Every structure is written in C-alpha cells, then in structure tokens.
Amino acid sequence: MAAPEGSGLGEDARLDQETAQWLRWDKNSLTLEAVKRLIAEGNKEELRKCFGARMEFGTAGLRAAMGPGISRMNDLTIIQTTQGFCRYLEKQFSDLKQKGIVISFDARAHPSSGGSSRRFARLAATTFISQGIPVYLFSDITPTPFVPFTVSHLKLCAGIMITASHNPKQDNGYKVYWDNGAQIISPHDKGISQAIEENLEPWPQAWDDSLIDSSPLLHNPSASINNDYFEDLKKYCFHRSVNRETKVKFVHTSVHGVGHSFVQSAFKAFDLVPPEAVPEQKDPDPEFPTVKYPNPEEGKGVLTLSFALADKTKARIVLANDPDADRLAVAEKQDSGEWRVFSGNELGALLGWWLFTSWKEKNQDRSALKDTYMLSSTVSSKILRAIALKEGFHFEETLTGFKWMGNRAKQLIDQGKTVLFAFEEAIDGVSAAVISAELASFLATKNLSLSQQLKAIYVEYGYHITKASYFICHDQETIKKLFENLRNYDGKNNYPKACGKFEISAIRDLTTGYDDSQPDKKAVLPTSKSSQMITFTFANGGVATMRTSGTEPKIKYYAELCAPPGNSDPEQLKKELNELVSAIEEHFFQPQKYNLQPKAD
C-alpha cells in the first residue's frame, strides 16, 4: 500500500521523539552509544528497524533480537516491560506483596549490546523488589519448565523466564506464567501491553540492580526447587528395578543449552545410569558453535555429533533437548544401521501409550477410567484419541500451545479428575527424556525397540501418519490474502469443497469462529482474530491444519491420515498422505502466486 501524502513527516517526527526519549532513559553504555552513532550517521533505515514499532507483548510474552531500540530485547525494554507487568499484577493480585513471583533465565548473551538472559533477569528482579514485591530469582541457569513448576509449587502469583528457546543465537525472549503455572492467555496479554505503554519511563531505582543483593525480598530457590522437582518427577518412575539392571545405553545432547546437569539428575532420580553427554555440546554456549540452528526438531544436522558418539559408545538411543530444555527429540538406531528420528507425534504416541499402560497397571479399578483424561492440541496427532476410545478414558482437544493445555489441565485437576498426559508436539524436555529412557529400558526386557513398539501401537489402535512443514513469508498482508482466499474460494464467500481430488467433509476456522460440524456452525474452541488457523477434514480420513506462527514468519501446516485398526499398509497410507499434502501446497498455499519460500531442507 502506498503511504498517504504527508505521512512521511509523521513517521520521521515519531522516530525523532522515540530516539530522544531513548537518549534520556537508556543507561546501558553499549546500546546508548549505538543509537547515538546511528543518529550521527543519519542512518534512517537502521533507526527505523530499531525504533519502528515496539515489540508486541503476546500470549507467549516477547521474542525478538537483542540490540538497541524499542523493537529489540535490551536493558531498557526489559525494564519497561517489567514495569508494565508489575503494575498489571498489582491490579490482579491483592496478595502480590505476600506471595511474590519467580524469575529464571537461560544462557543466552549478546556481547555487542551488553544484553544477556542473566542480566535481563536481574533487572526484572530489581523492578519488582523496588516495589516491595518478593522475588524468587534462580542463582544460575535452569530449564524453562522450572519456572511454571516453581509458581505452582510455592503458590506464587506469576513467573518470568528469560529465554528464546530454540531461536537463532541473536534472539532472546520473555515468557510469562500466571498463578496456575500456565502461560498467559487473552485478555491478559492486552492488559499487560497497555500497562507497559503506561509505564515507559524507568522508575528511580530501575537501573540499580546492586540493591537487590542485600534485600530481604530476594530469595534463591535453586537448591530447594532442584530437590523438589526431581522428587516430584519420581511419580513417573514405574520400573526402578528394571532401570537398575538395564543394559540399554543412551547418548544425550543439550545443544549448547541448559539441559545437561538436569538430565543427569533426572536419570539418577530414576536409578538409571546417566547418559553419555556429547562433549562439544554439553556446556552452555550462547554462540551455539556446532549447529546452524539450535533446534533438534530441524532435522538430523543438529544430531550429527550425537550419532557419532552413539556409534562410538555402542548406544542405541539418542536424546536431544533444545537449548532451554522444554523440548525433546529422540532417535533410535535401526537394525539397518540407519538412525530414525521420531517425530513429536510419534514420541507422543509412545509416551501417551506408556503412561496409560503404567497407570493402568497401578490402577486396576476400571471405574477410575471415567475420571481420567489425556489432553492434546488441535495440531497434534489424534493417536491419543484412538487409544482413549478403545481403552475407555477421556480425550480432549485444546488450542495449540502449552498455555491452553496447562489451563485446561489445571481446571480438570481442580475438579478432582486425573490428567495423565498433556501432550503438545513437545512436552517438558527433562521429564520426557528420562521417561523415554525408562520406556526403552522396559521394552528391552521384552526384546522390543521403540520402533517396534510404535508399530504395535499403530496396529492395535490404527495407523496415524503425520506430515508437518511450513512456508516462510515475511509480509503480513500476503498471509492475510492467502487465508482470505480460502474463506472466499469460489468468489461467493464459500470455503473450498475439495482440494484437488480430495473431497472436504468439514471445516473449522478458529480465526472467525466458524465450524460446520457443529449444529449452530460455531466453533467450540476459543477463537482469535489476531492469528490465522483453519482446519480441513477430508472424506478419506485426512485432517489438515494451516496456521500462522506466533513467534516466526512462517505459515505452518500439519496433516494427518487416521486409519481404523486393521488397515495395516502404512506405505499406501504414506503415499496417500503425500498426495494430500502436495494438493494442499499446490491449491491452498499457491507458493508461486504468493511468493512463499519453502522450508529449507
């Protein structure tokens, strides 16, 4: 769109105003000098990048590159964000000064702008303590799951985790948890955003982080939470005697992140011999020197060093965490000598089956099943639904993201229900690593591999074959056009009736709240106008969801073919799913028309 006449001036004037404020408020010499230098050089383009728009505070908090300006993560934007969050919490919780909050951080750092997760965490703690609010600040790096655990365990009002998870090394993030231990959901994000805008000027003590060290309001929960987290984890340990005897060997990588010592401790809690750690990747390193992307879900490249170590030590299983240890990837060496990396959904099928089987052995009473639940998100595999149908427990779908699942799980537990498993594409990386290790050790006593057990699950409950990928698109308008085209496919405001040769039997649009499988055509799950998400159900048993990502410039898709038990030709199903995915890419994404970049292999 062309800018209206005269708007250029408005933009420049706003830029001048933002930079003038920055020069008044920023006390970090590195970011301050960087902005002064850009002004002196008259580098408008770079100034626009840094000051064009304030980072948007969403349900996932903040995520952006570290560096100077209001669109980046730095000391000043951390102070401003925390001041807003603090004021918002004061409104929401009358007992904030009694209960307090928890703050932790990963190992990310950005020397050129002086930003690091540890520094950001200290500044956030300073903000709260200056207002008389107790802060439980971890003294060293922890996995992300420690923050929600601490909120629930110590009954605090909220939690902050400074991490960018598996994003590229220049990024950082600010994740926020509510008093129920789940990430925030709307409208809290809007309320916090507004409070940030109302509290931009740093408070008098904002920059003086040395004052917290002597404050009676500062608590270090590291030792007690470390102990209690692993005690709590023991409830998932079902076969201690098997673990003590097992000959199965494991290799673990924390991909230069925080996971190493925590996974070692988890194995000890289960009486398992700790896994061999990949030496080049076990210590935290904000440069992530051995990988292109620090994300084990980006394929085998991240696991190259793990496979080499496993071959050397004769280990059959590789466990890989992302840098903040909230996700896990698992790979198993096949008889052919090839390594198989399980998808998140395959791992979910294995872990869901395992936790249910282990729970059932402990709880012989069939009547308990009616109060037992498994949760899964709209984009995760429907395999848990198939297991639930056959075994007689409840399966519920929630919106994508731990935050929805966490909130729903909490509601059910408060109603006295048992929640066995809340399975996203990914669950807590530390607990999942050790549960997977116990599962593999148990299966080995029956001469079964993880792959063989997965096949047995599919044979018993029906094959569920999934394929997920994405296209990259940096232009919001294009993304909007693509989705609006799907809502007006025939020019008469109708959704498509088919995709290529595949007939569509149902459509759910969680952007608009439409669901033609409901009697009143209204979706049951919450809708959000700010993100795009449409799910198509096909007559052949296929389901495909197209959605935008909250944190990356991606349009993602998830496709799955669900066959009833007894249809045991996975190759034929795979072929059909590939044809369905090709049709979706060609007819619904139209990458040429919209100039989309495919995922790089």
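Enquirer: Help me understand helix α18 (residues 476–487) in this model?
Expert: Count 3.6 residues to each turn of an α-helix, and residues three or four apart come out pointing the same way. Taking 1.5 Å of rise per residue, the 12 residues of α18 would be expected to cover 16 Å, and the 17 Å separating its terminal C-alpha atoms lies within 8% of that figure. Of all the positions in α18, only Thr478, Ile479, Leu482, Phe483, Asn485, Leu486 and Arg487 are classed as buried. In the core, the buried residues of α18 are packed alongside β19 (502–509), β21 (533–538), β22 (542–548), β23 (554–562), α19 (570–589) and α20 (591–594).

Enquirer: How should I be thinking about the pattern of salt bridges in this particular structure?
Expert: A side chain with one charge can pair with a side chain of the opposite charge if their charged atoms come near. For the structure on display, the rule yields 37 salt bridges. One salt bridge in this structure joins aspartate 95 and lysine 99, with 3.2 Å as the shortest N-O distance. Across the pair lysine 501 and glutamate 579 runs a salt bridge whose closest N-O atoms are separated by 2.9 Å. Here lysine 501 is found in the loop between β18 (498–499) and β19, whereas its partner glutamate 579 is found in helix α19, with 78 residues between them in sequence. The network of salt bridges with shared partners includes Asp75, Arg119, Arg122, Asp209 and Asp213.

Enquirer: Any chance you could explain the packing of helix α9 (residues 222–233) against helix α11 (residues 260–269) here in plain terms?
Expert: Relative placement of two packed helices is described by the angle separating their axes and the distance separating the axes. Between α9 and α11, the least distance of the axes is 9 Å, while the angle of their chain directions is 45°. Relative to α11, the element α9 is oriented oblique. Considering only the axes of α9 and α11, their crossing is right-handed. Contact residues: Asn226, Phe230 and Leu233 in α9; Phe262, Ser265, Ala266 and Ala269 in α11. Among the residues making up the contact of α9 with α11, the classes are represented as 5 nonpolar, 2 polar and no charged.

Enquirer: Help me understand α11, please; the structure alone is not making it clear to me.
Expert: With 7 of 10 residues buried, α11 lies mostly within the body of the structure. For α11, the full list of buried residues reads His260, Phe262, Val263, Gln264, Ala266, Phe267 and Ala269. Two residues or fewer after α11 comes aspartate 271, characterised by a positive phi angle close to 60°.

Enquirer: How should the sheet that holds strand β13 (residues 339–341) be read in this particular structure?
Expert: Sheet strands pair by backbone hydrogen bonding; their relative direction is either parallel or antiparallel. With respect to topology, 5 strands assemble into an open sheet ordered β10-β9-β11-β12-β13, the strand pairing being mixed. Whereas interior strands pair on both sides, the edge strands pair on one side only; in this sheet they are β10 (276–277) and β13. One ladder, built from 4 bridges, connects strand β9 (residues 250–253) with strand β11 (residues 317–321); its direction is parallel. Paired with valine 251 across the strands is valine 318, a residue of β11.

Enquirer: Explain the nonpolar core to me, please; I cannot follow it from the model alone.
Expert: Side chains of a nonpolar character, in soluble globular proteins, are inclined to be buried together. Residues Phe85, Tyr174 and Met546 are the most contacted members of the largest nonpolar core, which totals 152 residues. No other element matches helix α16 (residues 429–445), which puts 10 residues into this core. For phenylalanine 85, the residues in contact, after removing those within four places along its chain, are Phe128, Ala158, Ile160, Tyr174, Val176, Trp178 and Ile192. Listed in part, the 12 residues of the second largest apolar core include Phe307, Ala310, Val318 and Ala331.

Enquirer: How should I be thinking about the packing of aromatic side chains in this particular structure?
Expert: Where two aromatic rings form a pair, the distance of their centres and the angle of their planes describe that pair. Using the criterion set out here, one finds 23 aromatic pairs in the structure. Seen from their ring centres, phenylalanine 307 and tryptophan 339 are 4.8 Å apart, and the 15° between their planes marks the pair as stacked. Of this pair, phenylalanine 307 sits in helix α12 (residues 304–313) while tryptophan 339 sits in strand β13; the two residues are 32 residues apart in sequence, bridging distant segments of the chain. Accessibility expressed as a relative area gives 10% for phenylalanine 307, which makes it buried. Taking the relative accessible area as the measure of exposure, tryptophan 339 reaches 9% and is therefore buried. Following the ring pairs from residue to residue traces out a cluster consisting of Phe138, Phe146, Phe149, Tyr229, Phe230 and Phe262. One residue, lysine 390, lies across the ring of tyrosine 461, its end atom 5.6 Å from the ring centre. Taking NZ or CZ as reference, lysine 554 lies 4.0 Å from the ring centre of tyrosine 470, over its face.

Enquirer: What am I meant to see in the sheet that holds strand β2 (residues 101–105) here?
Expert: Reading across from one edge, β1-β7-β6-β2-β5-β8 is the order of the 6 strands in this open sheet, with mixed pairing throughout. Each of the sheet's edge strands pairs with one partner strand only, and the pair in question is β1 (62–65) and β8 (218–219). With 4 bridges connecting them, strand β6 (residues 158–162) and strand β7 (residues 171–177) associate as antiparallel partners. Across the sheet, residue isoleucine 160 finds its bridge partner in β7, namely valine 176. Strands β2, β5 (135–137), β6, β7 and β8 of the sheet are contacted by helix α6 (residues 117–130), whose axis makes an angle of about 165° with β2.

Enquirer: I'm lost on the side chain of serine 113 in this one. Help?
Expert: Here serine 113 is to be found in the loop between β3 (109–110) and β4 (115–116). Contacts of serine 113, omitting those with residues within four sequence positions, involve Asn28, Leu30, Thr31, Met66 and Gly67.

Conventions we followed
- Residues numbered from 1 in each chain as written.
- Predicted model: local features only at pLDDT ≥ 70, side-chain atom pairs only at ≥ 80, totals over all residues.
- Heavy atoms only, no water.
- Helix = DSSP H or I, 4+ residues; strand = E, 2+ residues; numbered from the N terminus.
- Expected span 1.5 Å × (residues − 1).
- Buried < 20%, exposed > 50% of the residue type's maximum accessible area, 1.4 Å probe, protein only.
- Contact = heavy atoms within 4.5 Å.
- Salt bridge = Lys/Arg side-chain N within 4 Å of Asp/Glu carboxyl O.
- Axes fitted to C-alpha atoms, helices over the stretch in contact; angles between N-to-C directions.
- Parallel < 35°, antiparallel > 145°, perpendicular 65-115°, else oblique.
- Left-handed = near helix turned anticlockwise from the far one by under 90°.
- Nonpolar A, V, L, I, M, F, W, Y, C, P; charged D, E, K, R; others polar.
- Pairing = 2+ DSSP bridges.
- Core = buried A, V, L, I, M, F, W, Y, C linked by side-chain atoms within 4.5 Å.
- Phe/Tyr/Trp six-rings, centres within 6.5 Å; stacked < 30°, edge-to-face > 60°.
- Lys NZ or Arg CZ within 6 Å of the ring centre and 35° of its normal.

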